[in-house]
Amino acid sequence: YLILIQLFLCNSYRFIAKPCAINLGIQDSGPHRAQPNAILEKVFTSITKSPDGKRLEGLSKQLDWDVRKIQRWFRHRRNQDKPTTLTKFCESMWRFTFYLSIFLYGIRFLWSAPWFWDTRQCWYNYPFQPLTSRLYYYYILELAFYWSLMFSQFTDIKRKDFLIMFVHHLATIGLITFSYMNNMVRVGTLVLCLHDASDFFLEAAKLANYAKYQRLCDAFFMLFGVVFIVTRLGIYPFWILNTTLFESWELIGPYPSWWLFNGLLITLQILHIIWSYLIIRIAYKALVRGKVSKDDRSDVESSSEEEDVTSNSTKGVFSTSSNGSNRINGHVASGQWTEE
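Residues numbered from 1 in each chain as written. Predicted model: local features only at pLDDT ≥ 70, side-chain atom pairs only at ≥ 80, totals over all residues. Heavy atoms only, no water.

If you check an unreviewed UniProt entry, the protein appears there as CERS5 synthase from Casuarius casuarius. Recorded in UniProt under Catalytic activity (unreviewed entry), the annotation for the protein is "sphinganine + octadecanoyl-CoA = N-(octadecanoyl)-sphinganine + CoA + H(+)". (UniProt positions renumbered as here; feature names shortened; annotations may be inferred.)

Right, dumping it as structure tokens:
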């Protein structure tokens, strides 16, 4: 199933996402490339990608360049290794497709499930609960998807929330595997469906941002923020954690793996709180200042042209630099924000 996910990614990139991006006018052009310079390139590749003030002064004297010009060179050089807007659009496109599809499948499947309406049903007759084919495929597809996210994280750009996302993916994969092996799939489906409820809104916001539909982007991001906070800080602790911590204890007692299972679920809740804080912070800046100067989790830098010119224009929640880079990039937070 992991191979099928990767094949889906490749085919959707080539036959769906890329044609859509081209029709929307998104070009396969990268950021402004740094002027070729052997000395600076050697410093960049061998010593540091972000030289301090003392090194900048030394390079300024050696090259007879202004310090600001050298800073601009390093900024361009760092940015030229970033993926193009077309690449990021295609990545968000396939993630949006998967998140939306798996969420709709989960809702359709769970709507007729008794434990969706009464969480105590998750523990009746446990562990002798049947594993239907629909439930099996739901679980395996989710597990394959998160394994693909785990592998791709090491090849993608290292963002500031890399460690948080790594812990999140580990906890998610651990929970899916653990709950499947222990036949806790009923409560597991609730956790999966709940986490898929907000992610496709974030990917839709990024798609609108790459296509330069700013108002649509802002609307999707605000909708994502509301759904994320309601599901992760409201429904998750009072619905999911309530049944795993208290109802399970009451109905089947403290089974041997109870502590590990709930420990992983609480780890997810801690991550939810961190990401909710970042989302609220971004939204607050957008309301107070009229724009967001920088995403707290992104490593995409603004171009030198932006820093040299003071703009009085009001931008939305997602701000795009002159090189087309997304300021709120990833899984939420992040997406992830993280994804799950």
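Still more to cover.
Quick word on the overall build of the protein
Across its full length, the protein holds 12 helices and zero strands. Going from N to C terminus, the protein has its helices and strands arranged as α-α-α-α-α-α-α-α-α-α-α-α. Classification of the 340 residues of the protein by burial places 52% in the buried group. Just so you have it, the protein exposes about 16400 Å², and 63% of that area is on carbon and sulfur atoms. (Helix = DSSP H or I, 4+ residues; strand = E, 2+ residues; numbered from the N terminus. Buried < 20%, exposed > 50% of the residue type's maximum accessible area, 1.4 Å probe, protein only. Areas by Shrake-Rupley, 256 points an atom, 1.4 Å probe, with all protein chains shown as cover.)

A look at the nonpolar core
Counting residues in hydrophobic clusters, the biggest one holds 58 residues, and the most contacted among them are L110, W115, Y236 and F261. Those elements giving two or more residues to this core turn out to be α5 (85-111), α6 (114-117), α7 (133-152), α8 (162-181), α9 (185-210), α10 (214-252) and α11 (258-289). Examining the composition of this core, we find that 12 residues originate from one element, α9, more than from any other. Setting aside residues up to four positions removed in sequence, Y236 forms contacts with V191, L194, H195, T231, L241, L265, L268, Q269 and H272. (Core = buried A, V, L, I, M, F, W, Y, C linked by side-chain atoms within 4.5 Å. Contact = heavy atoms within 4.5 Å.)

Section: unusual backbone geometry
Cis geometry is found at the peptide bond from Y126 to P127, where omega equals 5°. As for its placement among the helices and strands, P127 is situated in the loop between α6 and α7. In this model, N183 sits at a positive phi of 55°, which is unusual for a non-glycine residue. On the secondary structure map, N183 appears in the loop between α8 and α9. N183 gets classed as buried once you look at its relative accessible area, which sits at 15%. One non-glycine residue, K212, adopts positive backbone phi at about 65°. Considering the arrangement of structural elements, one finds K212 in the loop between α9 and α10.

Thoughts on α8
With 20 residues, α8 should cover 28 Å at 1.5 Å per step; its first-to-last C-alpha distance of 28 Å lies within 8% of that length. Among the residues of α8, M165, H168, H169, A171, T172, I173, L175, I176, F178 and S179 are the ones counted as buried. (Expected span 1.5 Å × (residues − 1).)

Notes on the pattern of salt bridges
Inspection of every chain in the model, using the stated rule, returns four salt bridges. Residues E91 and R95 are paired through a salt bridge, measuring 3.9 Å at the closest nitrogen-oxygen approach. In this pair, E91 and R95 both sit in helix α5, four residues apart, roughly one turn of the helix. In this structure E91 comes out as partly exposed when scored by relative accessible area, which is 23%. For the salt bridge of D199 with R232, the shortest nitrogen-to-oxygen distance reads 3.7 Å. Here R232 lies in helix α10 and D199 lies in helix α9, a separation of 33 residues in the sequence. Across this residue pair, the class does not change: D199 and R232 are buried. (Salt bridge = Lys/Arg side-chain N within 4 Å of Asp/Glu carboxyl O.)

What to know about a nonpolar patch on the surface
Taken together, M222, Y284, L287 and V288 make up a surface patch of nonpolar side chains, about 450 Å² in accessible area. With three residues, the single largest contributor to the nonpolar patch is α11. Considering the arrangement of structural elements, one finds M222 in helix α10. Given the relative accessible area of 33%, M222 is considered partly exposed. (Patch = residues over 30% accessible without salt bridge, like charges linked within 9 Å, V, L, I, M, F, W, Y side chains within 5 Å.)

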